[in-house]
Amino acid sequence: MVDGLLCFGFGFTAQELARQNPTWQVWGTSRDPEKISQTSKQVHPLKFDGRSQPDGLEHIQDQISHILLSIPPGEDGDPVLQVLYDQIGKFSNLKWIGYLSTTGVYGDLAGGTATEETPLNPSGKRGQRRVDAEQAWQQLAAEKNLPLHIFRLPGIYGPGRNQLVSLQKGKAHRIVKKGHMFSRIHVTDIAKILTASMLKPNPGRIYNVSDDLPAPPQDVVTYAAELLGIDPPPLQDFETADMTPMARSFYSDNKRICNRRIKEELGVSLTYPDYKKGLKALSEGA
């Protein structure tokens, strides 16, 4: 049972998790708590600037049974860990901590498949920061006997954040890099997986969170254009395409993500097992 959920970072995933569980008591942090109030009447907003303890946290610590960590680490490490390091032991009712990481920790596998046992070998600074953050949380969990769970996510899509929207805004591109694969996951299924883990905790466990169908990114754009009944943008070769360094960096890793563990251990049946089902539902307003 989830008595109280504290979300450090009340973004896309945390909002969906709260939406799927309307009877839960939820607190969410933001630099601008008013934004949370505008998003959800269910959620109690807390101001968190990434440097000091969230306002009022000391008054709710005994009500918190679950903590979701979705704030990415910066150059100085994980801001939540630094703030909570000496406080985490005061959460007397803690049953589950979920850290949202990224499949970028595996680096480039030249199209191979990553399981949770695949050695970590990040390609860039952002991936290395995630590795460092994972390890820092694991160390803290070992020191203080915390119920830590790590979830490694690929590209996330869902309402308002998908290739249908990108096409409508004229921001979609079909970049072709031969043999390149991406994995992705619908936000609805992320929340479903997190809920399943909360109801069946297994401290120390790591889960890959992805759908069943890795695919070249240009195929996803092409299918989205078909759903909209419009012509897709022209194909562009990766080597000559005009891309920002950030966009280009996403193509440095080529791999498939194995999601067997979320099914076998958590009993999750994905609502959107591939991007076609996910995009079709989004196009129909589901």
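Refer to the structure above for everything that follows.
The model shown is predicted, which means the values in this text are computed figures rather than measured ones. Counting restarts for each chain, with residues numbered from 1 along the sequence as it is written. Selection of residues for local features in this predicted model requires a pLDDT of at least 70, selection of side-chain atom pairs for listing and counting requires 80 or more, and totals for whole chains, interfaces and linings are taken over all residues. Neither water nor hydrogens contribute to the side-chain values; these are computed over all heavy atoms in the structure.

Asker: Looking at this structure, I do not really get the overall build of the protein. What am I missing?
Answerer: Note on conventions: DSSP H or I runs of at least 4 residues are helices, E runs of at least 2 residues are strands, and numbering of each starts at the N terminus. Looking only at helices and strands, the protein features 10 helices and 13 strands. Over its C-alpha trace the protein gives a radius of gyration of 19 Å, about what one expects of a compact globule, namely 19 Å for 286 residues. For the protein, with 286 residues in total, the buried portion stands at 51%. Long-range pairs, those at least 24 residues apart, make up 77% of the contacts in the protein between residues at least 6 apart in sequence. Here, Shrake-Rupley sampling with a 1.4 Å probe gives the accessible areas, and only protein chains in the shown set may cover a residue. Accessible surface computed for the protein: about 13600 Å², of which carbon and sulfur atoms make up 49%. Positive charges come from Lys and Arg alone, negative charges from Asp and Glu alone, with His and the N- and C-terminal ends not counted. A charged residue contributes its charge at one atom only: NZ of Lys, CZ of Arg, CG of Asp or CD of Glu. Across the protein, 33 positive and 32 negative side-chain charges occur, with their mean positions spaced 3 Å apart. Values of the radius of gyration come from C-alpha atoms, whereas the globule rule sets the reference at 2.2 Å times the count of residues to the power 0.38. Throughout, exposure labels follow a simple rule: accessible area from a 1.4 Å probe, protein chains only, divided by the maximum for the residue type, with under 20% read as buried, over 50% as exposed, and the rest as partly exposed. A contact between two residues is defined here by any heavy atoms of the two lying within 4.5 Å.

Asker: Sorry, what's going on with the packing of aromatic side chains here?
Answerer: In this description, a pair of aromatic rings is defined by centroid distance and the angle of the planes. Note on ring pairs: Phe, Tyr and Trp rings are taken, using the six-membered ring of Trp, and paired if centres are within 6.5 Å. Classes follow the plane angle, with under 30 degrees stacked, over 60 edge-to-face and the rest tilted. Tallied over the full model, the rule gives six aromatic pairs. Ring centres of F8 and F48 lie 5.6 Å apart, and the angle between their planes is 80 degrees; on these two criteria the pair is classed as edge-to-face. In this pair, F8 is assigned in strand 1 (residues 5-8) and F48 in the loop between strand 3 (43-47) and strand 4 (66-69), connecting sequence segments 40 residues apart. Note on F8: relative accessible area 1%, which makes it buried. Look at F48 and you get buried, because its relative accessible area is 4%. Here F238 and Y251 contribute two aromatic rings whose centre-to-centre distance is 5.2 Å and whose plane-to-plane angle is 35 degrees, an arrangement assigned as tilted. With a gap of 13 residues between them, F238 in the loop between strand 12 (235-237) and helix 8 (245-249) and Y251 in the loop between helix 8 and strand 13 (256-257) connect regions that are remote in the sequence. Y251 shares its class with F238; the two are buried. Only when the NZ of Lys or the CZ of Arg is both within 6 Å of the ring centre and within 35 degrees of the ring normal is a charge said to sit over the ring. We note K144 situated over the ring of Y85; from NZ or CZ to the ring centre the distance is 5.6 Å.

Asker: Help me understand helix 7 (residues 217-228) in this model?
Answerer: The α-helix winds at 3.6 residues per turn, so residues separated by three or four positions along the chain end up facing the same way. What a helix is expected to span follows from its residue count: subtract one and scale by 1.5 Å. The end-to-end C-alpha separation of helix 7 is 17 Å, in line with the 16 Å expected for 12 residues at 1.5 Å each. All buried positions along helix 7 are accounted for by P217, Q218, V220, V221, Y223, A224 and A225. In this structure, the buried residues of helix 7 make contact with helix 5 (163-168), strand 9 (174-176), strand 10 (184-186), strand 12 and helix 10 (275-283). G229 sits one or two positions beyond helix 7 and adopts a positive phi of about 70 degrees.

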